[in-house]
Each structure stands twice: as C-alpha cells, then as structure tokens.
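# Observations on chain architecture
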Amino acid sequence: MDITVLFKLTYGLYVVGAFDGERPVGCIINTCFQVTSQNPILAISLNKNNYTLEAIRKTKRFSLSILAEDSDATVIGGFGFRSSRDADKYEDYGYDTVEGAPLVKGKFAGRLILDALNFVDNETHVVVLARLVDTVAGEGTPMTYDYYHRVIKGKAPKNAPTYVAEDVKPKEEKPAPSTDTTKHRYQCIVCGHIVEAEGNLPEDYRCPLCKASKDKFERVVE
C-alpha cells in the first residue's frame, strides 16, 4: 500500500500549550479540525508519548496557536523536537497566560483557548475533543504542512501522526577540506532542515529551525 498518498491530505501546524502545575508545557501538532459550528467543538491528535497530553488530561484547558508562514520557524524546532519532560520550551520566547492557558509569544495567524471534553484512544495517538472557550486574533497566512516541508524543508517529528521513517543516506567517507569553496547541501538529522553552504559548515553553526549543533548535520549525497 502506498501510504504517500496520505501526503495529499491537508494539514496545518499548531503549538499546543498547557500548564503542568505552574510550569508551561507544549508541543507541535499538525492535526486539528472543527467538528461542530454551534458552541464549536474541535479535535486535535496527540501522540500518547507527549508530555503535553498528560498535562491536558489533568487541567483540561489548553491553547492552540496557529502558525503563520512568517512565524518564527525556530518555534517549530523548539516545540517539536524536544520533550517538555526535560526542556523549558518557552525559555527563548516567553509566554502570556490567557484564560488559564499559556500562549507562546510571537506572531501567529490566530489563537484558540479550549477545554478538553473527551479523550479517544487511537492506538498510538489520542484524539482530544475540546470545546472552544475563547479566541485571540492574529495575522498572517496559516502555514500548511505542505509549506513546512516544501519551503522550510522540515520533517515530521517521530510523534507526529504523519511521521514516515526515511531511508538514511550514507555519509561521505571524507569530509571536504576547509579550503573547499564548492557549494554543498547539509541536512539536519534532528529536524530535516537543509542548508546550502560553501565547503564545510562553520564550527559554531546551529540549525535555524531546531538549534541543533553542526555535528547534527550530514552532507546530502547528490
């Protein structure tokens, strides 16, 4: 079965935020849709391993920030490729508390505040049905998952419903010499971001998407 046909389905990108006690936690998701129009109910999908899901089960209230095409792309890496179990994802951005839920600071297409109603088990993931409590206006064109892959050149975290394991390309045996001025493409093995550079990447280079260090980049074999 060719599951790549599923890539034709449309998705967006969102930051889910909740409080674990007094500590804000959050993650990136790509599955959200409106279920009802009156007294709106929405549905989101979260991997069972997500620490944010544990926080939502406890407090019920959470936020959903809709990423825009010109949102700070590092938010995707910071919230999508680390766990709130051992990382303060809001440290670099700050947050505001709105209606009892954390909203990471930055430019977003819009914000939603929701209360979880039901948790539906779906093997590896849980679908959370939630009622809309409040909204916060934003600006910008909502970022689609296609835009994320095609323009930002990111990949799906392992906890995402759309994650597909990729074939790992072999590394080149010999690194390019420091005097090499040939342009090469390097891919971050953490988030999939691809950058083009002359010769080797600088020693202090960090991924603009997930902030991984240079040693997390591999040269793309053409």
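Residues numbered from 1 in each chain as written. Predicted model: local features only at pLDDT ≥ 70, side-chain atom pairs only at ≥ 80, totals over all residues. Heavy atoms only, no water.

Along the protein, the regular secondary structure elements total three helices and twelve strands. Relative to its full complement of 222 residues, the protein shows a buried share of 44%. Summed over all atoms, the accessible surface of the protein reaches about 12,400 Å², with 50% contributed by carbon and sulfur. (Helix = DSSP H or I, 4+ residues; strand = E, 2+ residues; numbered from the N terminus. Buried < 20%, exposed > 50% of the residue type's maximum accessible area, 1.4 Å probe, protein only. Areas by Shrake-Rupley, 256 points an atom, 1.4 Å probe, with all protein chains shown as cover.)

A cluster of nonpolar side chains, namely Met1, Ile3, Leu6 and Leu9, defines an oily patch on the protein surface of about 480 Å² accessible area. Here Leu6 shows up in the segment before β1 (14-20). (Patch = residues over 30% accessible without salt bridge, like charges linked within 9 Å, V, L, I, M, F, W, Y side chains within 5 Å. Salt bridge = Lys/Arg side-chain N within 4 Å of Asp/Glu carboxyl O.)

Here we take up the packing of aromatic side chains. In total, this model carries seven aromatic pairs according to the counting rule given. Consider the rings of Tyr90 and Tyr95, whose centres lie 5.5 Å apart with planes at 70 degrees: the pair is edge-to-face. On the accessibility criterion, Tyr90 (3% relative accessible area) is buried. Consider the rings of Tyr205 and Phe217, whose centres lie 5.4 Å apart with planes at 75 degrees: the pair is edge-to-face. Taken together, the positions of Tyr205 in the loop between β11 (194-198) and β12 (217-219) and Phe217 in strand β12 put the pair twelve residues apart, joining distant regions of the chain. Note on accessibility: Tyr205 and Phe217 belong to one class, buried. Put simply, the rings of Phe19, Phe79, Tyr90, Tyr93 and Tyr95 touch in pairs and so form one group of aromatic residues. (Phe/Tyr/Trp six-rings, centres within 6.5 Å; stacked < 30°, edge-to-face > 60°.)

The strand order β2-β1-β5-β8-β9-β4-β3 describes an open sheet built from seven strands, whose pairing is antiparallel. The sheet is open, and its two edges are formed by β2 (23-29) and β3 (32-34), each paired on a single side. On average, adjacent strands in this sheet sit at an angle of 35 degrees to one another, irrespective of strand direction. Both strand β8 (residues 110-122) and strand β9 (residues 125-137) contribute to a ladder of twelve bridges, which runs antiparallel. Bridge pairing in β9 links Asn118 to Leu129. Sheet strands in contact with helix α1 (residues 51-59) are β1, β2, β4 (41-47), β5 (61-66), β8 and β9, and its direction is about 55 degrees off that of β1. (Pairing = 2+ DSSP bridges. Axes fitted to C-alpha atoms, helices over the stretch in contact; angles between N-to-C directions. Contact = heavy atoms within 4.5 Å.)

The pairing of strands in a sheet comes from backbone hydrogen bonds and takes either a parallel or an antiparallel form. Reading across from one edge, β11-β10-β12 is the order of the three strands in this open sheet, with antiparallel pairing throughout. Looking at which strands have only one partner, the edges of the open sheet turn out to be β11 and β12. For this sheet, the mean inter-axis angle between neighbouring strands, taken without regard to orientation, is 35 degrees. Across five bridges, strand β10 (residues 183-188) lies against β11 in antiparallel orientation. For Lys183, the partnering residue across the bridge sits in β11 and is Glu198.

Assignment of secondary structure puts Arg111 in strand β8. Despite its burial, Arg111 remains without a salt bridge, the nearest opposite charge being carried by Asp96 at 6.3 Å. In terms of polar contacts, Arg111 uses its side chain to reach the backbone carbonyl oxygen of Val104, at 2.9 Å. Apart from residues lying up to four places away in sequence, Arg111 is in contact with Leu64, Ser65, Leu103, Val104, Lys105, Gly106, Asp134, Thr135 and Val136. (Lys, Arg positive; Asp, Glu negative; His and termini not counted. Polar contact = N/O pair within 3.5 Å; in protein donor to acceptor, adjacent residues only side chain to side chain.)

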